[in-house]
Amino acid sequence: MRLKDLYEASQTKTCDDVTSIRDINDQFDYDDEHPKGEGDSPEVACGQANGYNELKYIYNSKLKNHVVDRKITKEQALKALCCACHDLENPRQREDFYQHLSNTLGIDIS
């Protein structure tokens, strides 16, 4: 197996095993260079700093209603968040992040 294949396999397994947003956040080191969200709104942070949890916000505002409506499962939503964090180059642009979620889950995230 090539190194790239091993890396991709490890990333997939990492996301397959998530059961909470904390599981995703724990995979990333995050230093908040823009406290209180100043100047970073077009970007998505994976990880948590200073009590603000970007992924929890995205889950609650963009994905939770789809889970409640049974269009997707909570597990699918968490895996999609995790995959977007791993697949997109940092800094992750919000528009790209939401598009990745839409494509992965087959629902409109806008």
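The coordinates are above.
All values reported here derive from a predicted model rather than from experimental measurement.

Student: For this particular structure, what's the right way to read the overall build of the protein?
Tutor: Secondary structure summary: the protein contains 5 helices and 4 strands in total. The linear arrangement of helices and strands in the protein, starting from the amino end, is α-α-β-β-β-α-α-β-α. Buried positions account for 38% of the 110 residues belonging to the protein. Restricting to contacts in the protein with at least 6 residues of sequence separation, those with at least 24 account for 55%. Total accessible area computed for the protein in this model is approximately 7,200 Å², and 45% of it derives from carbon and sulfur atoms.

Student: What am I meant to see in the nonpolar core here?
Tutor: Generally speaking, a soluble globular protein has its nonpolar side chains buried in company with each other. If you look at the biggest cluster of nonpolar residues, it comprises 28 residues, and the most contacted ones within it are Ile24, Leu55, Leu63, Leu81, Phe97 and Leu101. Elements supplying a minimum of two residues to this core: helix H2 (21-25), helix H3 (54-68), helix H4 (74-87) and helix H5 (94-105). Broken down by element, the residue count for this core peaks at 8 residues, all from H4. Setting aside residues up to four positions removed in sequence, isoleucine 24 forms contacts with Val18, Leu55, Leu78, Leu81, Cys82 and Cys85.

Student: Hey, could you run me through the state of the cysteines in this one?
Tutor: Disulfides are covalent bonds that connect the sulfur atoms of two cysteines. Applying the stated rule across the entire model yields 2 disulfides. Here cysteine 46 pairs with cysteine 85 through a disulfide, and the sulfurs are 2.0 Å apart. Note on the cysteine 46 and cysteine 85 pair: the S-S dihedral is about -90°, so by sign convention the disulfide is left-handed. Taken together, the residues cysteine 46 in the loop between strand S1 (43-44) and strand S2 (48-49) and cysteine 85 in helix H4 connect sequence positions 39 residues apart. A single burial state applies to cysteine 46 and to cysteine 85, both of which are buried. Across the protein, the way the bonded cysteines pair up, counted in sequence order, is 1-3, 2-4. Cysteine 83 takes part in no disulfide bond, and the closest cysteine sulfur, belonging to cysteine 15, lies 3.9 Å away. Residue classification places cysteine 83 among the buried residues on the basis of a relative accessible area of 17%.

Student: Would you take a moment to explain the side chain of arginine 94 for this structure?
Tutor: Relative to the helices and strands, arginine 94 resides in helix H5. Here arginine 94 falls in the buried class, since its relative accessible area comes to 17%. In this structure, arginine 94 is in contact with Ser41, Pro42, Glu43, Val44, Glu54 and Ile58, ignoring residues within four places of it in sequence.

Student: Quick question: what am I supposed to make of the environment of isoleucine 72 here?
Tutor: Looking at the element boundaries, isoleucine 72 is found in the loop between H3 and H4. What isoleucine 72 contacts, discounting residues up to four positions off in sequence, is Leu63, His66, Val67, Ala77, Leu105 and Ile107.

Student: Got a minute to help me understand the side chain of asparagine 53 in this structure?
Tutor: With respect to the helices and strands, asparagine 53 occurs in strand S3 (residues 52-53). A relative accessible area of 14% places asparagine 53 in the buried class. Reaching out from asparagine 53, the side chain makes a polar contact with the backbone nitrogen of leucine 55 at a distance of 3.3 Å. A polar contact is formed between the side chain of asparagine 53 and the backbone nitrogen of lysine 56, at a distance of 3.0 Å. Setting aside residues up to four positions removed in sequence, asparagine 53 forms contacts with Ile21, Asn25 and Gln48.

Rules behind the numbers
- Residues numbered from 1 in each chain as written.
- Predicted model: local features only at pLDDT ≥ 70, side-chain atom pairs only at ≥ 80, totals over all residues.
- Heavy atoms only, no water.
- Helix = DSSP H or I, 4+ residues; strand = E, 2+ residues; numbered from the N terminus.
- Buried < 20%, exposed > 50% of the residue type's maximum accessible area, 1.4 Å probe, protein only.
- Contact = heavy atoms within 4.5 Å.
- Areas by Shrake-Rupley, 256 points an atom, 1.4 Å probe, with all protein chains shown as cover.
- Core = buried A, V, L, I, M, F, W, Y, C linked by side-chain atoms within 4.5 Å.
- Disulfide = S-S within 2.5 Å.
- Polar contact = N/O pair within 3.5 Å; in protein donor to acceptor, adjacent residues only side chain to side chain.

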